[in-house]
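# Observations on chain architecture
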Amino acid sequence: MNTKKIETVHSTAVPLTMENVDTDQIIPARFLKATSRDGFGENLFCDWRYENGNKTKPMADFVLNNPLFSGKILIAGKNFGCGSSREHAAWAIKDYGFDVVISSFFADIFRNNALNNFLIPVTVSDAFLEQLFSAILQDPTTIIDINLNAQTISIPSLELSEHFPIDAYKKECLLNGYDDIDYLLSLKPAIEAFETKKRLENA
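Bear in mind the structure is a predicted one, so any value in this text is a computation, not a measurement.

### Here's the deal with the environment of Val63
Checked against the element boundaries, Val63 lands in the loop between α2 (46-49) and β3 (73-76). Taking relative accessible area as the criterion, Val63 reaches 11% and is therefore assigned buried. For Val63 and Trp48, which are 15 residues apart along the polypeptide, the C-alpha to C-alpha distance reads 9.3 Å. For Val63, the contacting residues outside a window of four places in its chain are Val14, Pro15, Leu16 and Phe69.

In structure tokens:
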């Protein structure tokens, strides 16, 4: 079983209502020396989660420290992932346990880094984003459904749904759990069959 593949996500969500969240806020620069993707989750939003970065002093008013909110979906304000280019931002979000980030606008580099790390960036309208925030803040047990194949995001309890865009190639990779190398290898049988056919035709 390929544990990377993502077809649907059915989960509660964590609402991060701030806009213009940049990559240095997602994962501060002092944590970028590590080359392994493991362990980045514990430093996600470190300067917002902990007082003076001290992990024994969590900031009670930060949403990741609020036990009411949990799940595999992070809902963020507009213009998420702006600032410097660092793949570590996607690593940190994924390692923390999120499979989806929702916003009404993503920085291009962050969106691409997310897709390369099996983190789905779901772009919704401003109006739908507000409906999501409202639903989760009123009832943290609200379920959100993401259907990657249909490219839809839904709030079943409110009977609300919206279509979201995604690059066709990256969609196929996510649905099959492929990175770029895996995708090329998946084409090997078709390439070999084509070459065999050509050899027979030219024999």
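Having seen the model, we can carry on.
### Comments concerning the pattern of salt bridges
All chains considered together, the criterion is met by 7 salt bridges. As a salt-bridge pair, Arg30 and Asp47 come within 2.6 Å of each other at their nearest N and O atoms. Pair noted here: Arg30 is in the loop between α1 (23-26) and α2 and Asp47 is in helix α2, with a separation of 17 residues, a long-range link. Put simply, Glu42 and Lys55 hold a salt bridge, and the shortest N to O gap is 3.3 Å. Separated by 13 residues along the polypeptide, Glu42 in the loop between α1 and α2 and Lys55 in the loop between α2 and β3 bring together distant segments of the chain. Residue Lys55 is classed as partly exposed on the basis of its relative accessible area, which comes to 38%.

### Focus: helix α3 (residues 88-96)
Taken residue by residue, α3 has His88, Ala89, Ala90, Trp91, Ala92 and Ile93 as its buried positions. For α3, the elements touching its buried residues are α1, β4 (100-103) and α4 (108-116). One or two steps after α3, the chain reaches Gly97, where phi turns positive at roughly 125°.

### A word on the sheet that holds strand β7 (residues 152-155)
Across the sheet, 4 strands lie side by side as β1-β6-β7-β8; this open sheet has antiparallel pairing. Unpaired on one side and paired on the other, β1 (8-11) and β8 (160-163) mark the two borders of the sheet. Across the sheet, the mean angle from the axis of one strand to that of its neighbour is 10°, orientation sign disregarded. Both β7 and β8 contribute to a ladder of 4 bridges, which runs antiparallel. Across the sheet, residue Ile155 finds its bridge partner in β8, namely Leu160. Strands β6 (144-147), β7 and β8 of the sheet are contacted by helix α5 (residues 126-138), whose axis makes an angle of about 40° with β7.

### Things to note about the sheet that holds strand β5 (residues 120-123)
The strand order across the open sheet built from 4 strands is β2-β3-β4-β5, with neighbouring strands paired in parallel fashion. Pairing within the sheet leaves two strands with one partner each, and these edge strands are β2 (13-16) and β5. Across the sheet, the mean angle from the axis of one strand to that of its neighbour is 20°, orientation sign disregarded. Summarising the sheet, β4 and β5 pair through 4 bridges and their orientation is parallel. From the neighbouring strand, Val100 faces β5, where its bridge partner is Ile120. Against the sheet, α5 touches β2, β3 and β4, its axis set at about 120° to β3.

Definitions and limits used
Residues numbered from 1 in each chain as written. Predicted model: local features only at pLDDT ≥ 70, side-chain atom pairs only at ≥ 80, totals over all residues. Heavy atoms only, no water. Helix = DSSP H or I, 4+ residues; strand = E, 2+ residues; numbered from the N terminus. Buried < 20%, exposed > 50% of the residue type's maximum accessible area, 1.4 Å probe, protein only. Contact = heavy atoms within 4.5 Å. Salt bridge = Lys/Arg side-chain N within 4 Å of Asp/Glu carboxyl O. Pairing = 2+ DSSP bridges. Axes fitted to C-alpha atoms, helices over the stretch in contact; angles between N-to-C directions.

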